[in-house]
Amino acid sequence: MKQNPLLPHLSSKLFACYTGLETELVYRRGFNLPGFAAYPLLTTPSDKLLLDAYYKQLIELARGLGVGCILDSVSWAANRDRASALGITVGQLKWFNIEAIEFIASIKLQNTDVPIVLSAQVGPRDDGYAPRHLMNVQQAFDYHSEQITVYTSTETDLISAFTICYAEEAIGIVKAAQKFAMPVAIAFTLETDGCLPTGMALKDAIAMVDAETDSAALYYLINCAHPSHFAQIFDGGAWMQRLRGLVVNASCCSHQTLEQATDLDEGNPVELGRQVAEFHRRYPQLNILGGCCGTDMRHMKSIFEAVLNGK
């Protein structure tokens, strides 16, 4: 079993995290990604070269700024239900999950001068904005164990569950990671009111997950939300010490608006950088920073330049 390693991003060092790949491929590159799944691209040499270039852009940015980076696998949608909808078999899905890690592991080997963490992305079973069918903890544990057990045979450093909408699914994921002795982090998505899509307050969701798992998650993040959506909930309370990352959207629009949009809202990269930098100034434990939907390397650069320059 994978033992909990001393991960470099658990220090105070800044780490860059980029999870906006799918929206960039769809809106800027014209890719058709059924089910928003990027992992099928691993079967095509030219598409793998494109993915390789995205990862290396992130590493190059980190190198130039003197920060570390987290390489997130393209497996956010690589779970049973989402794969089945694409006609992908269980055997093929296992191969994709392993290949997604082997791919980023090979990139890490080529860039040993930069602190790099290999993150196995686990996404929600249902819609990442508005889940229709909510699981209980046991159901979430059983479901996500299928994907997480595959990662035990890989060079995965930690499991990262992104765009999670409700506490029970997060608890199931953390318990599944515990079962296989895999380090795990949970990233909740928030609506414009700063609450989870189910209406639960973020601090309550974190408290619930911690209470049910003996605080087994390494840390929590916010992803797929604009800084204006959660600024009002940052109250400096003790619960915020469990929050280590902000992986933000470029747009301040609601998830519903973004779902219906035909064009990509790129927001204002400079303003976004200043907003994230202000959060880091006030809460320096937030050392994992980056971009989600609508962002690209311009936004990433703005974020870290603003943080490093104290703006």
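Anything mentioned here points back to the structure above.
In this report, we go over the structure that sits alongside the text. Within every chain, residues take consecutive numbers counted from 1 along the sequence as written. A pLDDT threshold of at least 70 governs which residues receive local features in this predicted model, and a stricter bar of 80 or more applies before side-chain atom pairs are shown or counted, although totals over entire chains, interfaces and linings include all residues. To get the side-chain values, take all heavy atoms of the structure and skip hydrogens and water.

### Thoughts on the nonpolar core
Reasoning step 1: The criterion is simple. A nonpolar core is a set of buried Ala, Val, Leu, Ile, Met, Phe, Trp, Tyr and Cys residues joined through side-chain atoms within 4.5 Å. Three labels apply to residues, based on accessible area from a 1.4 Å probe with only protein chains included: buried if under 20% of the type maximum, exposed if over 50%, partly exposed otherwise in between. Counting 107 residues, the largest nonpolar core has Y39, L71, F188, F230 and F234 as its most contacted members.
Reasoning step 2: When neighbours within four sequence positions are excluded, F230 is seen to be in contact with L190, G194, I222, A225, L246, V248 and F279.
Reasoning step 3: Grouped together as the second largest cluster of nonpolar side chains are five residues, M135, A140, Y143 and C165 included. Contacts between residues were defined by any pair of non-hydrogen atoms, one from each residue, lying within 4.5 Å.

### Regarding the packing of helix α2 (residues 45–65) against helix α4 (residues 90–109)
Reasoning step 1: For the pair α2 and α4, interaxial distance at closest approach is 11 Å and the crossing angle is 50 degrees. Put simply, α2 runs oblique to α4. In the packing of α2 onto α4, the handedness of the crossing is right-handed. Between α2, through K48, L51, D52, Y55, K56 and I59, and α4, the contact on the second element is made entirely by E99, F103, I104 and I107.
Reasoning step 2: Among the residues making up the contact of α2 with α4, the classes are represented as six nonpolar, no polar and four charged. Here an axis means a line fitted to C-alpha atoms, over the contact stretch when the element is a helix, while the angle between two N-to-C directions is reported on a 0 to 180 degree scale. Secondary structure is summarised from DSSP: a helix means a run of H or I of at least four residues, a strand means a run of E of at least two, and numbering begins at the N terminus for each. For this classification, under 35 degrees means roughly parallel, over 145 means roughly antiparallel, 65 to 115 means roughly perpendicular, and everything else is oblique. A crossing counts as left-handed when the near helix is turned anticlockwise from the far one by less than a right angle, and as right-handed when that turn is clockwise. Note on residue categories: nonpolar means Ala, Val, Leu, Ile, Met, Phe, Trp, Tyr, Cys or Pro, charged means Asp, Glu, Lys or Arg, and polar means any other residue, Gly included.

### Points about the pairing of strand β5 (residues 184–188)
Along a regular strand, successive side chains alternate from one face of the sheet to the other.
Reasoning step 1: Taken across its five residues, β5 has five buried, putting it largely inside the fold.
Reasoning step 2: Across the two faces of β5 the burial is the same, with V184, I186 and F188 and A185 and A187 all buried.
Reasoning step 3: A pair of strands counts as paired when DSSP detects no fewer than two bridges linking them. Examined bridge by bridge, strand β4 (residues 158–164) and β5 share four bridges and lie parallel to one another. In the sheet register, I164 faces β5, and the bridge partner there is F188.
Reasoning step 4: Following the chain from β4 across helix α6 (residues 167–179) to the adjacent parallel β5, one finds a crossover that is right-handed.
Reasoning step 5: Examined bridge by bridge, β5 and strand β6 (residues 220–223) share three bridges and lie parallel to one another. Residue pairing in the sheet places I186 in a bridge with Y220 of β6.
Reasoning step 6: A clockwise course of the path from the first strand over the helix to the second, judged with the strands pointing away from the viewer, identifies a crossover as right-handed. After leaving β5, the chain enters helix α7 (residues 202–213) and then returns to the sheet as β6, a path that is right-handed.

### As for the sheet that holds strand β1 (residues 15–18)
Reasoning step 1: One closed barrel holds the eight strands; their spatial order is β1-β2-β3-β4-β5-β6-β7-β8, and the pairing between them is parallel. The average angle at which neighbouring strand axes cross in this sheet is 25 degrees, direction not considered.
Reasoning step 2: Sheet analysis places β6 next to strand β7 (residues 243–248), joined by four bridges and oriented parallel. The residue of β7 that forms the bridge with L221 is G245.
Reasoning step 3: Relative to the sheet, α6 contacts β3 (116–122), β4 and β5, its axis offset from that of β5 by approximately 165 degrees.
Reasoning step 4: Across the face of the sheet, helix α11 (residues 297–308) comes into contact with β1, β7 and β8 (288–291) while running at roughly 145 degrees to β8.

### What to know about helix α5 (residues 137–151)
Reasoning step 1: Multiplying one less than the number of residues by 1.5 Å gives the expected span of a helix. Between its terminal C-alpha atoms α5 stretches 21 Å, which fits the 21 Å expected from 15 residues at 1.5 Å a residue.
Reasoning step 2: The reported bend at a residue is simply the angle between two axes, fitted to the 7 residues ending at it and to the 7 residues beginning with it. Taken as a whole, α5 carries its principal kink of about 40 degrees at S145.
Reasoning step 3: If you check which residues of α5 are buried, you get A140, F141, Y143, H144, S145, Q147, I148, V150 and Y151.
Reasoning step 4: For α5, the secondary structure elements touched by its buried residues are α3 (80–85), α4, β3, β4 and α6.

### As for the packing of aromatic side chains
Reasoning step 1: Ring geometry is summarised as follows: Phe, Tyr and Trp rings, the Trp one being its six-membered ring, pair when their centres sit within 6.5 Å, and such pairs are stacked at plane angles under 30 degrees, edge-to-face over 60 and tilted between the two. As enumerated under the stated definition, the model contains eight aromatic pairs in all.
Reasoning step 2: On the basis of an interplanar angle of 65 degrees and a centroid distance of 5.9 Å, the ring pair of Y55 and F103 is categorised as edge-to-face. In this pair, Y55 is assigned in helix α2 and F103 in helix α4, connecting sequence segments 48 residues apart. Each member of the pair Y55 and F103 is classed as buried.
Reasoning step 3: Clustering of aromatic rings is evident, with ring pairs tying together F230, F234, F279 and Y283.
Reasoning step 4: In this scheme, Lys NZ or Arg CZ marks a charge over a ring once it lies within 6 Å of the ring centre and within 35 degrees of the ring normal. Sitting over the ring of W76, R82 keeps its end group 4.8 Å from the ring centre.

### Comments concerning the environment of E169
Reasoning step 1: You can see E169 is positioned in helix α6.
Reasoning step 2: Along the primary structure E169 and F141 are separated by 28 residues, whereas in three dimensions their C-alpha atoms are 7.7 Å apart.
Reasoning step 3: E169 has contacts with P124, R125, M135, A140, H144 and I164, leaving out every residue within four places of it along the chain.
Reasoning step 4: Pairing of N or O atoms within 3.5 Å defines a polar contact, subject to two protein rules: one partner must be a possible hydrogen donor and the other a possible acceptor, and residues neighboring in sequence count only if both atoms are side-chain atoms. There is a polar contact of 2.7 Å between the side chain of E169 and the side chain of H144.

### Some words on the pattern of salt bridges
Reasoning step 1: Salt bridges, as used here, are contacts in which a Lys or Arg side-chain nitrogen is within 4 Å of a carboxyl oxygen on Asp or Glu. By the definition in use, this model includes 18 salt bridges.
Reasoning step 2: The salt bridge partner of R63 is D113, with a shortest N-O separation of 2.7 Å. Here R63 is found in helix α2, whereas its partner D113 is found in the loop between α4 and β3, with 50 residues between them in sequence.

### Quick look at the side chain of D126
Reasoning step 1: Mapping D126 onto the fold places it in the loop between β3 and α5.
Reasoning step 2: In this structure the side chain of D126 is engaged in a polar contact, spanning 3.0 Å, whose partner is the backbone nitrogen of R132.
Reasoning step 3: At 3.0 Å, the side chain of D126 forms a polar contact with the backbone nitrogen of H133.

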